[in-house]
Amino acid sequence: MPEQTPSIQKSDQFFMSEAIKEGHKALQSGDVPIGAVVVLNNRIIGRGHNQVELLKDPTAHAEMIAITAATNFTNEKWLREATLYVTVEPCSMCAGACVLARLKRVVYGVPDIKTGAHSSLFNLLNDPRLNHRIEVVPGVQKEACSALMVDFFESLRKK
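What you are looking at is a predicted structure, and each value in this text was computed from that prediction instead of being measured.

### With respect to the overall build of the protein chain
Here's step 1: In terms of helices and strands, the protein chain carries 5 helices and 5 strands.
Here's step 2: Listing the helices and strands of the protein chain from first to last along the sequence gives α-β-β-α-α-β-α-β-β-α.
Here's step 3: Relative to its full complement of 159 residues, the protein chain shows a buried share of 45%.
Here's step 4: In the protein chain, the proportion of contacts linking residues at least 24 apart, taken out of those at least 6 apart, comes to 59%.
Here's step 5: Within the protein chain, one finds 18 positive and 17 negative side-chain charges whose respective centroids are separated by 2 Å.

As structure tokens, then:
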């Protein structure tokens, strides 16, 4: 059965803007500017931005930090009714965390052709061999999310 792309909800635009703000925080600390927020009942319950360089921790991705903050907020290991908004398609580590957290939805801005684990390289978020599948909405605020990444990598090349 082919995967259907769910429609973008009005609130998706707003919460992606919040993820983009998180991406700017990563940019300020010298990290790849990826930001994420977890939303439950129309309320942000977890925020994160890449802190790999800052913390010298390869697992300090925006999604991991936001999911941890959300589970700490709810005091539950499952986020069954929550949505993760992230500026870039999750990598395999982050997609795996989304599945393990039982997120309901993942909304992202731009694909990641090198490490993306929704459709670019893998499809962990909807792999029928796993015990949980996630509704995925790609392309929300694609231009703004892409600009953040392009500006970052262009500035690196200039250095």
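### Describing the environment of E89
Here's step 1: Its location among the elements puts E89 in the loop between β3 (83–88) and α4 (92–100).
Here's step 2: Given a relative accessible area of 2%, E89 falls into the buried group.
Here's step 3: Taking the C-alpha atoms as reference points, E89 and P138, 49 residues apart in sequence, are found 7.8 Å from one another.
Here's step 4: Beyond its immediate stretch of four places on either side in the chain, E89 contacts Y108, V110, P111, D112, G116, A117, H118, S119 and S120.
Here's step 5: A distance of 2.8 Å separates the side chain of E89 from the backbone nitrogen of H118, its partner in a polar contact.
Here's step 6: There is a polar contact of 2.6 Å between the side chain of E89 and the side chain of S120.

What counts as what
- Residues numbered from 1 in each chain as written.
- Predicted model: local features only at pLDDT ≥ 70, side-chain atom pairs only at ≥ 80, totals over all residues.
- Heavy atoms only, no water.
- Helix = DSSP H or I, 4+ residues; strand = E, 2+ residues; numbered from the N terminus.
- Buried < 20%, exposed > 50% of the residue type's maximum accessible area, 1.4 Å probe, protein only.
- Contact = heavy atoms within 4.5 Å.
- Lys, Arg positive; Asp, Glu negative; His and termini not counted.
- Charge placed at Lys NZ, Arg CZ, Asp CG, Glu CD.
- Polar contact = N/O pair within 3.5 Å; in protein donor to acceptor, adjacent residues only side chain to side chain.

All we've got here are geometric facts, nothing functional implied.
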